[in-house]
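Report on the structure
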Amino acid sequence: MRGLLCWPLLLLLLQPWETQLQLAGPRCHTGPLDLVFVIDSSRSVRPFEFETMRQFLMGLLRGLNVGPNATRVGVIQYSSQVQSVFPLRAFSRSEDMERAIRDLVPLAQGTMTGLAIQYAMNVAFSVAEGARPPEERVPRVAVIVTDGRPQDRVAEVAAQARARGIEIYAVGVQRADVGSLRAMASPPLDEHVFLVESFDLIQEFGLQFQSRLCAIDYCSFGNHSCQHECVSTPGGPQCHCREGHDLQPDGRSCQVQDLCNGVDHGCEFQCVSEGLSYRCLCPEGRQLQADGKSCNRCREGHVDLVLLVDGSKSVRPQNFELVKRFVNQIVDFLDVSPEGTRVGLVQFSSRVRTEFPLGRYGTAAEVKQAVLAVEYMERGTMTGLALRHMVEHSFSEAQGARPRALNVPRVGLVFTDGRSQDDISVWAARAKEEGIVMYAVGVGKAVEAELREIASKPAELHVSYAPDFGTMTHLLENLRGSICPEEGISAGTELRSPCECESLVEFQGRTLGALESLTLNLAQLTARLEDLENQLANQK
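Because the structure is a prediction, the values reported are computed rather than measured.

**Some words on the state of the cysteines**
- Within the structure shown, the criterion is met by three disulfides.
- A sulfur-sulfur separation of 1.8 Å characterises the disulfide bridge that pairs C226 with C239. Here the disulfide of C226 and C239 is left-handed, its torsion about the S-S bond being about -80°. Here C226, found in the loop between α8 (202–214) and β7 (229–233), pairs with C239, found in strand β8 (residues 236–240); they are 13 residues apart in sequence, far enough to count as distant. Both residues of the pair, C226 and C239, belong to the buried class.

Here it is in structure tokens:
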């Protein structure tokens, strides 16, 4: 659009101005817009000139996409005072607006343009008058049409209006003061200041203004708040994000693309997006393998592991969820399978409940899902009863434990947060007599003496403690080093059938060796008895 323009007489004069607006093309369908016309109706505007301005407004309205969710239009006229012809909220159809403009009677007094701008800023563009709230970022446009020099100051109040996000077009006719027009208009001035030689030629501004609205840069209005880039579209401003980022639901902010959701990453445990790439992570205590996707597991040995989890009232529901998460982190570093590590879970409070036995689940995923489904029991803390249940039932073959002849290590892990309400000594000792390697994990108010009594020796390797549930994860590495067969109790453990030939030979050899030792011991004992008999006979 050109700058400060003085339009010469053109062939346009040969056509009625309303026809010219219609020839400009189809109605412009813009995005939401709040548009207020500020019309000079001072005495210097002659009646026939005012009539021309009236017709100009009605023709311009027919080229706008008027509606509550599209362009809202308000009109005010001014001279020595300001009068609202109709506010932004008044009409949603151009026909109703035209009717109000036809009834418009000029004020025919002075030219207080600054007062009119102040009214537009404080009243016409208020939410009460129908303007959209600032947070909706709908452009606000004021078109000031005047034919003379203002009788008050305009520069300061116009600057305030622009600072509030109002875009001002200043249209001067005939005797208008160019300096005042430039003081009122928004930058760049060559796109917002117009000067026409007469009211008869004002329609040329209408054509240019309509074209301007169709190509309006919505990103230049107010604060669009786009984090990366704003793109103006016919429907309004739209925020775009740079490559590698996704637009968030708020329509403004951008976030690094989560490539993990868009590609087949193959990560065994967790995928983390990093810019235009991603990487795989392993749970604490496990290391990423050379393929960059899988995590190391306990694979060199096999364990039957029973977890005894304290579900007493002192644990509390939110902490019990942390306990379940902790249990699943232990499961993450085990090679769970029917031939590998088997896992069972028992919860105890005032009573004992087997959540699932050793033989039920054959994969880590199944075990973890079952752990998450465990419901909190509450009530008391009968740790001794839980130990008895573990010894008598949990490690039975009926519950899924492998026969002792297979030499599979049996491991019990007790998790508790307080003092037991029953005696633990008998069944803690019995567990170890049965060959169960015991670990004790205490949290918060757990009693150290009880933990040591439950655990196998040395206590330094079999007892772990955390001051609160939120800091339990640091225990994982210790437990991994203890429970994981290649690093702990069952390093080198090999499952062998007692019926295999090598096993029979080994059994025979060990049996013969034991018999030879027993024979030797009997011979030594016989000789000792004979010696004692001889000594007694001599004494007589």
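Further notes follow.
**Describing the packing of helix α10 (residues 317–332) against helix α11 (residues 364–372)**
- Where α10 meets α11, the closest approach of the two axes is 9 Å, and the angle between their N-to-C directions is 170°. Judged by the inter-axis angle, α10 sits roughly antiparallel to α11. Contacts between α10 and α11 pair K324, V327, N328, V331 and D332 from the former with A364, V367, K368, V371 and L372 from the latter.
- Residue composition of the contact of α10 with α11, grouped by class: six nonpolar, one polar and three charged.

**Description of the environment of I39**
- Within the secondary structure, I39 is located in strand β1 (residues 33–40).
- When neighbours within four sequence positions are excluded, I39 is seen to be in contact with F50, M53, L57, V75, I76, Q77, Y78 and V145.

**Concerning the sheet that holds strand β15 (residues 352–356)**
- Reading across from one edge, β15-β14-β13-β16-β17-β18 is the order of the six strands in this open sheet, with mixed pairing throughout. Here the strands that pair on one side only, and so sit at the sheet edges, are β15 and β18 (463–466). This sheet shows a mean twist of 20° between the axes of neighbouring strands, independent of strand direction.
- Where strand β14 (residues 342–348) meets β15, four bridges bridge the pair, whose relative direction is antiparallel. Across the sheet, the residue bridging to Q347 is R353, located in β15.

**Comments concerning helix α4 (residues 113–124)**
- Within the span of α4, buried status applies to T113, G114, A116, I117, A120, M121 and A124. Relative to the axis of α4, the buried residues are bounded by an arc of 165° and lie together on one face.

**What to know about the packing of helix α12 (residues 383–394) against helix α13 (residues 425–433)**
- The contact between α12 and α13 brings their axes to 8 Å, and the two run at 25°. Classified by the angle their axes make, α12 and α13 are roughly parallel. Seen along the crossing, α12 lies across α13 with a hand that is left-handed. Seen from α12, the contacting residues are G384, L387, R388, M390, V391 and E392; seen from α13, they are W427, A428, R430 and A431.
- The class makeup of the residues in the contact of α12 with α13 is six nonpolar, one polar and three charged.

**Considering the pairing of β14**
- Of all seven residues that make up β14, seven are buried, and the element is covered over most of its length.
- Side chains R342, G344, V346 and F348 project from β14 onto one buried face, and the interleaved V343, L345 and Q347 project onto a second face that is buried too.
- Pairing of strand β13 (residues 304–310) with β14, which is carried by seven bridges, proceeds in the parallel orientation. Counterpart to D304 in the pairing with β14 is R342.
- Of the crossover connections in this fold, the one passing from β13 over α10 to the parallel β14 is right-handed.

**Considering the environment of S42**
- Looking at the element boundaries, S42 is found in the loop between β1 and α2 (47–62).
- With 37 residues separating them in the primary sequence, S42 and S79 have C-alpha atoms 4.5 Å apart.
- Among all residues touching S42, those that are not within four sequence positions of it are Y78, S79, A108, Q109, G110, T111 and D147.
- Only 2.8 Å separates the side chain of S42 from the side chain of D40, close enough to count as a polar contact.
- A distance of 3.4 Å separates a polar atom in the side chain of S42 from a polar atom in the side chain of T111.

**Regarding the pattern of salt bridges**
- This structure, assessed with the given rule, holds 17 salt bridges.
- We note a salt bridge from R99 to D96, for which the minimum N-O separation is 3.0 Å. Remark: D96 and R99 occur in helix α3 (residues 94–102); sequence separation between them is three residues, near one turn of the helix.
- Residue D96 is classed as buried on the basis of its relative accessible area of 16%.
- Of the charged contacts, one joins R102 and E98 as a salt bridge, the two residues approaching to 3.5 Å between their closest N and O atoms. Of this pair, R102 and E98 both sit in helix α3, four residues apart, which is roughly one turn of the helix.
- Take R102: its relative accessible area is 47%, and that puts it in the partly exposed class.
- When salt bridges that share partners are traced, they join R62, E98 and R102 into one network.

Reading the values: the criteria
- Residues numbered from 1 in each chain as written.
- Predicted model: local features only at pLDDT ≥ 70, side-chain atom pairs only at ≥ 80, totals over all residues.
- Heavy atoms only, no water.
- Disulfide = S-S within 2.5 Å.
- Helix = DSSP H or I, 4+ residues; strand = E, 2+ residues; numbered from the N terminus.
- Buried < 20%, exposed > 50% of the residue type's maximum accessible area, 1.4 Å probe, protein only.
- Axes fitted to C-alpha atoms, helices over the stretch in contact; angles between N-to-C directions.
- Parallel < 35°, antiparallel > 145°, perpendicular 65-115°, else oblique.
- Contact = heavy atoms within 4.5 Å.
- Nonpolar A, V, L, I, M, F, W, Y, C, P; charged D, E, K, R; others polar.
- Pairing = 2+ DSSP bridges.
- Arc of directions from axis to C-beta.
- Left-handed = near helix turned anticlockwise from the far one by under 90°.
- Right-handed = clockwise from strand over helix to strand, strands pointing away.
- Polar contact = N/O pair within 3.5 Å; in protein donor to acceptor, adjacent residues only side chain to side chain.
- Salt bridge = Lys/Arg side-chain N within 4 Å of Asp/Glu carboxyl O.

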